[in-house]
Amino acid sequence: MAAAELSRCSAAISFSRQAVTSRWFMVFACLLILSMSGATYIFAVYSGDIKSTLGYTQTTLNLISFFKDVGGNIGILAGIILEVTPPWVVLAVGMTMNFTGYFMIWLAVTKRIPKPHVWQMCLYICIGANSQTFSNTGALVTCVKNFPQSRGIVIGLLKGFTGLSGAIMTQLYRAFYGSDSKALIFLIAWLPAAVSCVFLRTVRLMKVVKIENEVKVFYDLLYISLGLAGFLMVLIITQNSVVFTRAEYLASSTVVIILLFSPLAIVFREELNTWKSKKLVETGPQSSVVLVPISNSPPPEEAAAAQPSVPWWKDPFKPPERGEDYTIPQALFSIDLIILFIVTTFGVGGTLTAIDNLGQIGKALGYPAKSITTFVSLVSIWNYLGRVTSGFASEIFLAKYKFPRPLMLTIVLLISCSGHLLIAFGVPNSLYLSSVIMGFCFGAQWPLIFAIISELFGLKYYSTLHTFGGGASPVGAYILNVRVTGSLYDKEALKQLAAKGVIRKAGEDLSCSGVECYKVAFLIITAATMVGCLISVVLVIRTSKFYKGDIYKKFREQEISQVKD
């Protein structure tokens with residue numbers, strides 16, 4: 001009896017160890033980390049507190065927003081660190097930066113420290129936002145390398161959870177802190193750092209193996225995420241029409257947390273099936289269970305080091321064929337990456353400007369405060385849907401119809417123009433629809449951009465190369481948000497004050513009301529996006545032959561060679 005009990009206990013320990021060290025548990029950890037890493041997407045919720053508390057103009061606020069975008073998209077440092085260290089180091093640096101940056105902003109907004117200079121606020125938000133690139137690089141790049149043949153699906157799913165993070169964080173802050181939007185900044189400071197700390201050693205590079213039901217498992221994870229997104233959307237719409245009590249916020253947030261952890265059921269299901277298969281083989285050699293031979297090849301890091309390769313700094317003007325592993329200089333001097341950088345500058349820069357200014361746009365057009373919060377939260381939902389749709393759909397279309405991802409990126413840019421025009425002309429009650437279009441298109445662009453980079457330039461230096469795609473975003477944001485939108489907004493606001501005979505005092509909030517506040521700015525953004533759309537057609541033409549071929553052939557050949565070893 002005691003022996004049987006000891007055997008069951010030993011089996012439970014063995015299964016638990018297998019589950020928490022498995023590749024699927026690693027995916028779950030990455031999903032959870034990224035579901036807390038989208039603080040930059042809800043800037044519109046707390047930007048009003050920064051502006052009013054510190055007495056900033058719209059141009060100054062947009063400047064701070066620009067440094068947020070710089071931090072949130074320039075991930076070269078994170079990529080370089082991941083080239084030479086394991087993922088947990090990248091995540092550890094990111095969580096430290098996250099807490100430091102946002103905690104300082106919270107201290108400033110709550111006046112616990114003297115009013116910082118503008119450059120200090122820019123520095124704080126840049127540091128805090130840059131932590132997002134560390135969590136993205138540590139989690140997303142690691143997952144792409146572990147599942148190279150499902151990269152579109154992996155990127156779409158992981159970036160989808162990043163898109164949902166804004167709505168998730170909004171619900172949690174209401175449960176924890178009520179309606180105090182300043183407390184949201186404090187929540188952003190400590191919660192993502194705590195989640196990353198828990199899963200530091202879980203996220204790691206693993207040997208690539210063929211899993212027969214790999215795509216099916218990812219689809220199961222997608223269905224759970226759709227359920228979470230659907231629940232959040234219903235919650236947001238309900239909260240817009242019904243005043244929730246603190247207890248109701250706590251109850252709804254509990255459901256959100258349960259849905260966030262529900263992928264664990266899929267993890268344990270898969271690991272239980274694997275564990276049972278191993279036991280059948282151990283106890284019954286004649287079992288009908290067929291196992292794929294496991295290679296004795298060294299871990300990915302050792303294998304990569306053992307293979308002769310071109311140093312990263314050599315032959316910058318002699319790139320290999322598309323799809324092979326480019327060095328960093330070869331990719332930087334590639335016409336394809338330059339085109340993609342320009343397209344991202346105009347495309348993502350325009351949608352990012354709309355999202356960052358959504359709160360101020362709603363205020364200028366006379367929408368109630370609760371509706372503005374709803375817009376921002378709905379952007380997170382549609383941001384998520386855009387990411388998972390482009391990730392999964394582009395993978396399906398590519399596999400079945402050889403439909404190139406650059407062409408899908410062109411279509412997304414074209415759709416985003418309609419959202420810009422709705423804002424420009426201030427169509428009554430159209431901000432609901434334009435927030436949907438902006439959120440969807442902003443989200444849809446990222447999986448496509450990151451997947452295109454991985455396909456054209458290979459995975460060897462992907463941890464660094466994928467950051468160049470994100471790096472174009474703040475360039476577009478600076479041009480379109482700070483130099484165009486912010487300046488034109490302040491110009492119109494001063495014109496309205498002059499018409500009233502009011503002289504603005506130094507340090508006083510500068511606000512504008514009416515359609516004219518953003519009309520010219522978003523007409524310019526629409527034109528810029530159309531230019532980006534036309535330039536992306538050039539990339540479609542250049543890569544059409546490549547996408548008609550078998551772009552995943554070499555990964556299947558690697559798996560076959562591993563099985564033969």
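Draft legend 1. Focus on the overall build of the chain. When helices and strands are tallied, the chain shows 22 helices and zero strands. Taking all 565 residues of the chain together, the buried fraction comes to 56%. Considering only residue pairs separated by 6 or more positions, the chain has 83% of its internal contacts joining residues 24 or more positions apart. With the model as given, the accessible surface of the chain reaches about 23300 Å², and the carbon-plus-sulfur share is 68%.

Draft legend 2. Fine view of the state of the cysteines. Following the criterion strictly, the structure yields one disulfide and no others. Here cysteine 512 is linked by a disulfide to cysteine 517, with a sulfur-sulfur distance of 2.0 Å. As the torsion about the S-S bond is roughly -90 degrees, the cysteine 512-cysteine 517 disulfide counts as left-handed. Of the two residues examined, cysteine 512 and cysteine 517, each falls in the buried class. Free cysteine cysteine 122: the closest other cysteine sulfur is in cysteine 126, separated by 8.6 Å.

Draft legend 3. Structural view of helix α3 (residues 43–54). A rise of 1.5 Å per residue sets the reference length of α3, with its twelve residues, at 16 Å; its end C-alpha atoms lie 16 Å apart and thus fit the reference within 8%. Burial analysis of α3 places ten of its twelve residues in the buried class, which makes it a mostly covered element. Glycine 55 sits one or two residues past α3 and shows a positive phi near 65 degrees.

Draft legend 4. Just the side chain of serine 434, in detail. Structurally, the position occupied by serine 434 is in helix α19 (residues 431–457). For serine 434, a relative accessible area of 1% translates into the label buried. Residue contacts for serine 434: discarding those within four places in its chain leaves Gly419, Leu422 and Ile423.

Draft legend 5. Expanded view of empty space enclosed by the protein. Going through the model one piece at a time under the given rule, you end up with three cavities of 30 Å³ or more. As a volume, the largest cavity reaches approximately 220 Å³. Gly72, Asn73, Gln132, Thr133 and Lys159 are the residues nearest the centre of the largest cavity, which is lined by 20 residues in total. Partitioning the lining of the largest cavity into residue classes produces five nonpolar, twelve polar and three charged. In this structure, the second largest cavity occupies an estimated 150 Å³ of space. Around the second largest cavity, the lining is made up of 22 residues, and of these Ser37, Asn98, Ser131, Ser135 and Pro192 lie nearest the centre.

Draft legend 6. Spotlight on the pattern of salt bridges. Across all of its chains, the model carries ten salt bridges by this definition. Close ionic contact of arginine 269 with aspartate 220 constitutes a salt bridge, the shortest N to O distance being 2.8 Å. Linking arginine 269 in helix α12 (residues 263–283) with aspartate 220 in helix α10 (residues 214–241), this pair joins segments that are 49 residues apart in sequence. When the shortest N-O distance is used, the salt bridge between glutamate 492 and lysine 495 registers 3.7 Å.

Draft legend 7. Geometry of the packing of aromatic side chains. This model, assessed by the stated rule, comprises 29 aromatic pairs. The interplanar angle of 75 degrees and the centroid separation of 5.1 Å between the aromatic rings of phenylalanine 546 and tyrosine 547 together place this pair among those described as edge-to-face. In terms of burial, phenylalanine 546 and tyrosine 547 fall into one category: buried. Joined through ring pairs, the aromatic side chains of Phe99, Phe103, Trp106, Phe176, Tyr177, Phe186 and Trp190 make up one cluster.

Draft legend 8. Up close: the packing of helix α4 (residues 58–73) against helix α20 (residues 462–500). Across the interface, α4 lies against α20 with an axial gap of 8 Å and an inter-helix angle of 175 degrees. With respect to each other, α4 and α20 are oriented roughly antiparallel. Grouping the amino acids of the contact of α4 with α20 by side-chain chemistry returns eight nonpolar, 13 polar and two charged.

Draft legend 9. Examining a nonpolar patch on the surface more closely. Nonpolar side chains collect at one region of the surface, where Ile335, Ile338, Phe341, Ile342, Val475, Tyr478 and Ile479 lie side by side and expose about 530 Å² of accessible area between them. Looking at the nonpolar patch element by element, the count peaks at four residues for helix α15 (residues 335–356). Inspection of the secondary structure puts isoleucine 342 in helix α15. Its relative accessible area of 32% is what places isoleucine 342 among the partly exposed residues.

Draft legend 10. The packing of helix α18 (residues 405–425) against α19, seen in detail. Contact pair α18 / α19: the axes reach a minimum separation of 9 Å and the direction vectors enclose 160 degrees. With respect to each other, α18 and α19 are oriented roughly antiparallel. Judged by the twist between their axes, the crossing of α18 over α19 is left-handed. Residue composition of the contact of α18 with α19, grouped by class: 18 nonpolar, six polar and two charged.

Draft legend 11. Spotlight on the confidence of the model for the chain. Taken over all residues, the pLDDT of the chain has a mean of 85, while the share at 70 or more is 89%. In this model, residues 286–307 is a region of pLDDT below 50 whose contacts with residues beyond four sequence positions or in other chains number 17 contacts.

Draft legend 12. Here's a closer look at unusual backbone geometry. Its identity is not glycine, yet lysine 111 carries a phi of approximately 60 degrees, on the positive side. Note on placement: lysine 111 falls in the loop between α6 (87–109) and α7 (118–146). Among the residues examined, lysine 111 registers a relative accessible area of 62% and is labelled exposed. Of note in this structure, asparagine 429 is not a glycine but carries a positive phi near 60 degrees. When you line up the elements, asparagine 429 lands in the loop between α18 and α19.

The rules behind these values
Residues numbered from 1 in each chain as written. Predicted model: local features only at pLDDT ≥ 70, side-chain atom pairs only at ≥ 80, totals over all residues. Heavy atoms only, no water. Helix = DSSP H or I, 4+ residues; strand = E, 2+ residues; numbered from the N terminus. Buried < 20%, exposed > 50% of the residue type's maximum accessible area, 1.4 Å probe, protein only. Contact = heavy atoms within 4.5 Å. Areas by Shrake-Rupley, 256 points an atom, 1.4 Å probe, with all protein chains shown as cover. Disulfide = S-S within 2.5 Å. Expected span 1.5 Å × (residues − 1). 1 Å grid on protein atoms, 1.4 Å probe; cavity = no way out; pocket = protein on both sides within 12 Å on 5 of 7 lines; lining within 4 Å. Points joined across faces, edges and corners; volume = space filled by probe spheres on them. Nonpolar A, V, L, I, M, F, W, Y, C, P; charged D, E, K, R; others polar. Salt bridge = Lys/Arg side-chain N within 4 Å of Asp/Glu carboxyl O. Phe/Tyr/Trp six-rings, centres within 6.5 Å; stacked < 30°, edge-to-face > 60°. Axes fitted to C-alpha atoms, helices over the stretch in contact; angles between N-to-C directions. Parallel < 35°, antiparallel > 145°, perpendicular 65-115°, else oblique. Patch = residues over 30% accessible without salt bridge, like charges linked within 9 Å, V, L, I, M, F, W, Y side chains within 5 Å. Left-handed = near helix turned anticlockwise from the far one by under 90°. pLDDT = per-residue confidence, 0-100.

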